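Tertiary structure, described
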Amino acid sequence: DQQVKQNSPSLSVQEGRISILNCDYTNSMFDYFLWYKKYPAEGPTFLISISSIKDKNEDGRFTVFLNKSAKHLSLHIVPSQPGDSAVYFCAASARNYGQNFVFGPGTRLSVLP
Amino acid sequence: DSGVTQTPKHLITATGQRVTLRCSPRSGDLSVYWYQQSLDQGLQFLIQYYNGEERAKGNILERFSAQQFPDLHSELNLSSLELGDSALYFCASSARTGLYNEQFFGPGTRLTVL
(Lines give C-alpha, C1' and ligand atoms only; values in the text may rest on other atoms or scores of the structure.)
Protein backbone atom coordinates (compact mmCIF):
# COMPACT_ATOMS: atom_id res chain seq x y z
CA ASP A 1 0.00 0.00 0.00
CA GLN A 2 1.59 3.23 -1.17
CA GLN A 3 1.49 5.84 1.54
CA VAL A 4 2.86 8.55 -0.73
CA LYS A 5 1.47 8.79 -4.24
CA GLN A 6 2.47 10.79 -7.25
CA ASN A 7 -0.19 9.95 -9.77
CA SER A 8 1.41 11.65 -12.74
CA PRO A 9 4.39 9.63 -13.95
CA SER A 10 5.36 12.43 -16.32
CA LEU A 11 4.66 16.07 -17.08
CA SER A 12 5.70 18.31 -19.98
CA VAL A 13 5.74 22.08 -19.68
CA GLN A 14 6.87 24.90 -21.93
CA GLU A 15 9.87 26.93 -20.80
CA GLY A 16 8.78 30.02 -18.86
CA ARG A 17 5.45 28.54 -17.81
CA ILE A 18 4.48 27.13 -14.43
CA SER A 19 5.13 23.49 -13.54
CA ILE A 20 2.85 21.96 -10.92
CA LEU A 21 3.77 18.59 -9.48
CA ASN A 22 1.30 16.89 -7.19
CA CYS A 23 1.66 14.48 -4.30
CA ASP A 24 -0.96 12.77 -2.13
CA TYR A 25 -0.44 10.89 1.09
CA THR A 26 -2.59 8.58 3.15
CA ASN A 27 -0.96 8.58 6.58
CA SER A 28 -2.35 11.41 8.70
CA MET A 29 0.64 11.08 11.04
CA PHE A 30 2.98 12.53 8.42
CA ASP A 31 4.05 15.98 9.56
CA TYR A 32 7.06 16.82 7.43
CA PHE A 33 7.31 16.76 3.66
CA LEU A 34 10.15 17.17 1.23
CA TRP A 35 10.75 17.34 -2.48
CA TYR A 36 13.85 15.85 -4.03
CA LYS A 37 15.04 16.28 -7.59
CA LYS A 38 16.95 13.58 -9.46
CA TYR A 39 18.95 13.86 -12.65
CA PRO A 40 19.97 10.71 -14.57
CA ALA A 41 23.01 8.92 -13.17
CA GLU A 42 22.92 11.04 -10.00
CA GLY A 43 21.43 10.60 -6.57
CA PRO A 44 18.40 12.63 -5.47
CA THR A 45 19.13 16.14 -4.21
CA PHE A 46 17.05 17.99 -1.68
CA LEU A 47 14.94 20.79 -3.12
CA ILE A 48 12.50 22.17 -0.57
CA SER A 49 10.61 21.06 2.52
CA ILE A 50 7.54 22.01 4.51
CA SER A 51 6.39 21.28 8.02
CA SER A 52 2.74 20.55 8.76
CA ILE A 53 2.47 23.73 10.82
CA LYS A 54 2.75 25.69 7.58
CA ASP A 55 0.72 25.64 4.40
CA LYS A 56 3.29 27.25 2.14
CA ASN A 57 7.05 27.45 1.81
CA GLU A 58 8.89 29.39 -0.84
CA ASP A 59 12.48 29.25 -2.07
CA GLY A 60 13.20 31.25 -5.17
CA ARG A 61 11.35 29.75 -8.11
CA PHE A 62 10.11 26.84 -6.00
CA THR A 63 7.03 26.91 -3.78
CA VAL A 64 5.50 23.99 -1.93
CA PHE A 65 1.87 24.11 -0.83
CA LEU A 66 0.41 21.79 1.79
CA ASN A 67 -3.29 21.04 2.21
CA LYS A 68 -3.50 18.89 5.33
CA SER A 69 -7.22 18.31 5.19
CA ALA A 70 -6.89 16.92 1.66
CA LYS A 71 -3.60 15.16 2.45
CA HIS A 72 -2.17 16.81 -0.61
CA LEU A 73 0.90 18.80 -1.43
CA SER A 74 2.14 20.38 -4.59
CA LEU A 75 5.36 21.82 -5.90
CA HIS A 76 5.17 24.88 -8.13
CA ILE A 77 8.10 25.90 -10.29
CA VAL A 78 7.84 29.38 -11.79
CA PRO A 79 9.18 30.09 -14.33
CA SER A 80 10.16 26.62 -15.51
CA GLN A 81 13.58 26.27 -17.11
CA PRO A 82 15.03 23.46 -19.26
CA GLY A 83 17.48 22.68 -16.44
CA ASP A 84 14.50 21.78 -14.26
CA SER A 85 13.92 18.68 -16.38
CA ALA A 86 14.38 15.83 -13.92
CA VAL A 87 12.47 13.31 -11.84
CA TYR A 88 10.87 14.85 -8.76
CA PHE A 89 10.21 12.75 -5.68
CA CYS A 90 7.85 13.70 -2.92
CA ALA A 91 8.73 12.31 0.52
CA ALA A 92 7.01 12.35 3.90
CA SER A 93 8.01 11.68 7.46
CA ALA A 94 6.42 11.47 10.88
CA ARG A 95 7.73 11.76 14.40
CA ASN A 96 7.32 8.05 15.01
CA TYR A 97 9.25 7.34 11.78
CA GLY A 98 12.29 9.13 13.08
CA GLN A 99 14.52 10.17 10.24
CA ASN A 100 12.91 7.76 7.83
CA PHE A 101 11.21 9.17 4.82
CA VAL A 102 8.56 7.49 2.71
CA PHE A 103 9.07 8.38 -0.94
CA GLY A 104 6.60 8.56 -3.76
CA PRO A 105 7.34 6.93 -7.14
CA GLY A 106 8.37 10.21 -8.75
CA THR A 107 7.19 12.44 -11.59
CA ARG A 108 9.37 13.03 -14.62
CA LEU A 109 9.25 16.71 -15.60
CA SER A 110 10.28 17.77 -19.08
CA VAL A 111 10.63 21.49 -19.70
CA LEU A 112 10.56 22.17 -23.40
CA PRO A 113 12.54 25.10 -24.84
CA ASP B 1 28.52 16.55 -5.81
CA SER B 2 26.82 15.59 -2.53
CA GLY B 3 30.01 14.36 -0.88
CA VAL B 4 28.58 10.84 -0.51
CA THR B 5 30.45 8.22 -2.50
CA GLN B 6 29.25 4.78 -3.50
CA THR B 7 31.14 1.93 -5.09
CA PRO B 8 30.84 0.22 -7.43
CA LYS B 9 28.73 2.23 -9.87
CA HIS B 10 27.53 -0.85 -11.69
CA LEU B 11 27.43 -4.48 -10.67
CA ILE B 12 26.31 -7.43 -12.77
CA THR B 13 26.02 -10.79 -11.15
CA ALA B 14 24.08 -14.05 -11.29
CA THR B 15 21.21 -15.39 -9.21
CA GLY B 16 22.29 -17.03 -5.99
CA GLN B 17 25.40 -14.89 -5.65
CA ARG B 18 26.38 -12.47 -2.92
CA VAL B 19 27.54 -8.87 -3.37
CA THR B 20 28.69 -6.01 -1.17
CA LEU B 21 27.90 -2.38 -1.86
CA ARG B 22 29.98 0.28 -0.21
CA CYS B 23 29.14 3.81 0.92
CA SER B 24 31.27 6.61 2.34
CA PRO B 25 29.19 9.36 3.95
CA ARG B 26 29.91 13.07 3.81
CA SER B 27 32.71 14.11 6.08
CA GLY B 28 31.35 14.48 9.59
CA ASP B 29 28.00 12.81 8.94
CA LEU B 30 27.19 10.13 11.49
CA SER B 31 24.00 8.72 9.98
CA VAL B 32 23.90 6.46 6.94
CA TYR B 33 20.77 5.25 5.18
CA TRP B 34 20.27 2.66 2.48
CA TYR B 35 17.47 2.80 -0.09
CA GLN B 36 16.41 0.57 -2.93
CA GLN B 37 14.83 1.92 -6.10
CA SER B 38 13.30 -0.68 -8.40
CA LEU B 39 11.96 0.14 -11.84
CA ASP B 40 9.24 2.81 -11.68
CA GLN B 41 9.19 2.63 -7.90
CA GLY B 42 10.00 5.28 -5.36
CA LEU B 43 12.90 4.91 -3.04
CA GLN B 44 12.25 2.17 -0.49
CA PHE B 45 13.98 2.72 2.82
CA LEU B 46 16.01 -0.32 3.85
CA ILE B 47 18.03 0.48 6.95
CA GLN B 48 19.69 3.28 8.92
CA TYR B 49 22.87 3.33 10.95
CA TYR B 50 23.99 6.01 13.34
CA ASN B 51 27.57 6.13 14.56
CA GLY B 52 28.03 2.41 14.07
CA GLU B 53 24.74 1.22 15.48
CA GLU B 54 21.60 0.16 13.72
CA ARG B 55 18.96 2.84 14.29
CA ALA B 56 15.99 1.89 12.15
CA LYS B 57 14.88 -0.83 9.81
CA GLY B 58 12.57 -0.54 6.86
CA ASN B 59 11.59 -3.05 4.22
CA ILE B 60 14.87 -4.92 4.29
CA LEU B 61 14.84 -8.59 3.37
CA GLU B 62 16.48 -11.14 5.65
CA ARG B 63 18.90 -11.94 2.82
CA PHE B 64 20.20 -8.37 3.11
CA SER B 65 22.35 -7.02 5.89
CA ALA B 66 24.34 -3.89 6.53
CA GLN B 67 26.89 -2.50 8.90
CA GLN B 68 28.61 0.77 9.65
CA PHE B 69 32.29 0.68 10.51
CA PRO B 70 34.27 2.81 13.01
CA ASP B 71 35.40 5.10 10.17
CA LEU B 72 31.66 5.58 9.45
CA HIS B 73 31.64 4.00 6.03
CA SER B 74 28.88 1.48 5.49
CA GLU B 75 28.41 -1.71 3.54
CA LEU B 76 25.21 -3.33 2.33
CA ASN B 77 25.46 -7.06 1.80
CA LEU B 78 23.00 -8.78 -0.49
CA SER B 79 23.02 -12.57 -0.59
CA SER B 80 21.19 -15.38 -2.40
CA LEU B 81 20.42 -12.84 -5.06
CA GLU B 82 17.23 -13.09 -7.08
CA LEU B 83 16.22 -11.48 -10.35
CA GLY B 84 13.91 -9.15 -8.43
CA ASP B 85 16.85 -7.69 -6.52
CA SER B 86 17.94 -5.86 -9.65
CA ALA B 87 17.62 -2.20 -8.73
CA LEU B 88 19.41 1.03 -7.96
CA TYR B 89 20.73 1.09 -4.42
CA PHE B 90 21.28 4.51 -2.90
CA CYS B 91 23.13 5.46 0.20
CA ALA B 92 22.42 8.74 1.97
CA SER B 93 23.97 10.45 4.95
CA SER B 94 22.98 13.15 7.39
CA ALA B 95 24.74 14.96 10.17
CA ARG B 96 22.68 13.62 13.02
CA THR B 97 19.80 11.33 13.60
CA GLY B 98 16.40 12.50 14.76
CA LEU B 99 13.88 14.48 12.92
CA TYR B 100 14.12 16.43 9.77
CA ASN B 101 17.80 16.38 8.99
CA GLU B 102 18.42 16.74 5.30
CA GLN B 103 19.75 13.59 3.73
CA PHE B 104 22.47 13.79 1.10
CA PHE B 105 22.39 11.02 -1.47
CA GLY B 106 25.20 9.27 -3.26
CA PRO B 107 25.03 8.55 -7.01
CA GLY B 108 23.84 4.98 -6.44
CA THR B 109 24.95 1.50 -7.39
CA ARG B 110 23.05 -0.17 -10.21
CA LEU B 111 22.76 -3.89 -9.51
CA THR B 112 21.76 -6.24 -12.31
CA VAL B 113 21.05 -9.86 -11.42
CA LEU B 114 21.01 -12.20 -14.42
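See the structure shown above.
So, here is what we can say about the structure in this document. All values derive from a computational prediction rather than experimental measurement.

Calculation rules
Residues numbered from 1 in each chain as written. Chains lettered and ligands numbered in written order. Predicted model: local features only at pLDDT ≥ 70, side-chain atom pairs only at ≥ 80, totals over all residues. Heavy atoms only, no water. Pairing = 2+ DSSP bridges. Helix = DSSP H or I, 4+ residues; strand = E, 2+ residues; numbered from the N terminus. Axes fitted to C-alpha atoms, helices over the stretch in contact; angles between N-to-C directions. Core = buried A, V, L, I, M, F, W, Y, C linked by side-chain atoms within 4.5 Å. Buried < 20%, exposed > 50% of the residue type's maximum accessible area, 1.4 Å probe, protein only. Contact = heavy atoms within 4.5 Å. Phe/Tyr/Trp six-rings, centres within 6.5 Å; stacked < 30°, edge-to-face > 60°. Patch = residues over 30% accessible without salt bridge, like charges linked within 9 Å, V, L, I, M, F, W, Y side chains within 5 Å. Areas by Shrake-Rupley, 256 points an atom, 1.4 Å probe, with all protein chains shown as cover. Salt bridge = Lys/Arg side-chain N within 4 Å of Asp/Glu carboxyl O.

**Side note on the sheet that holds strand β7 (residues 64-68) of chain B**
All names here are of chain B.
- Taken together, the four strands give an open sheet; going across it, the order is β1-β3-β8-β7, and neighbouring strands pair in antiparallel fashion. With one partner strand each, in any of the chains shown, β1 (5-7) and β7 form the two edges of the open sheet. Averaged over neighbouring strand pairs, the angle between their axes works out to 15° when direction is ignored.
- Of the pairings in the sheet, the one linking β1 to strand β3 (residues 19-24) comprises three bridges and is antiparallel in character. When the bridges of β3 are listed, Thr5 appears paired with Ser24.

**A look at the nonpolar core**
Residues and elements named next belong to chain A.
- Phe30, Phe33, Trp35, Leu73, Leu75 and Tyr88 are the most contacted members of the largest nonpolar core, which has 25 residues in total.
- Within the residue set of this core, elements represented by two or more residues are β3 (19-25), β4 (32-38), β5 (45-51), β7 (62-67), β8 (72-77), β9 (86-93) and β11 (107-112).
- Per element, the largest residue contribution to this core is four residues, and it comes from β9.
- Setting aside residues up to four positions removed in sequence, Leu73 forms contacts with Leu21, Asn22, Cys23, Tyr25, Phe33, Trp35, Val64, Phe65, Leu66 and Cys90.

**Here's the deal with the packing of aromatic side chains**
- Counted under the stated rule, the structure contains 12 aromatic pairs over all chains.
- Look at Tyr36(A) and Phe46(A): their rings are 5.9 Å apart centre to centre, the planes differ by 75°, and that puts the pair in the edge-to-face class. A residue pair is termed long-range when its members are at least 10 positions apart, and Tyr36(A) in strand β4 and Phe46(A) in strand β5 qualify at 10 residues.
- Between Tyr36(A) and Phe103(A) the ring centres are 5.7 Å apart and the planes differ by 50°, which places this aromatic pair in the tilted class. Of this pair, Tyr36(A) sits in strand β4 while Phe103(A) sits in strand β10 (residues 102-103), and the two are 67 residues apart along the sequence.
- Given a relative accessible area of 0%, Tyr36(A) falls into the buried group.
- Here the aromatic cluster, defined as three or more aromatic residues joined through ring pairs, consists of Tyr36(A), Phe46(A), Phe89(A), Phe103(A), Tyr35(B), Phe45(B), Phe90(B) and Phe105(B).

**Some words on a nonpolar patch on the surface**
- On the surface, a nonpolar cluster with roughly 220 Å² of combined accessible area is contributed by Ile18(A), Ile20(A) and Val78(A).
- Mapped onto the fold, Ile18(A) is located in the loop between β2 (10-14) and β3.

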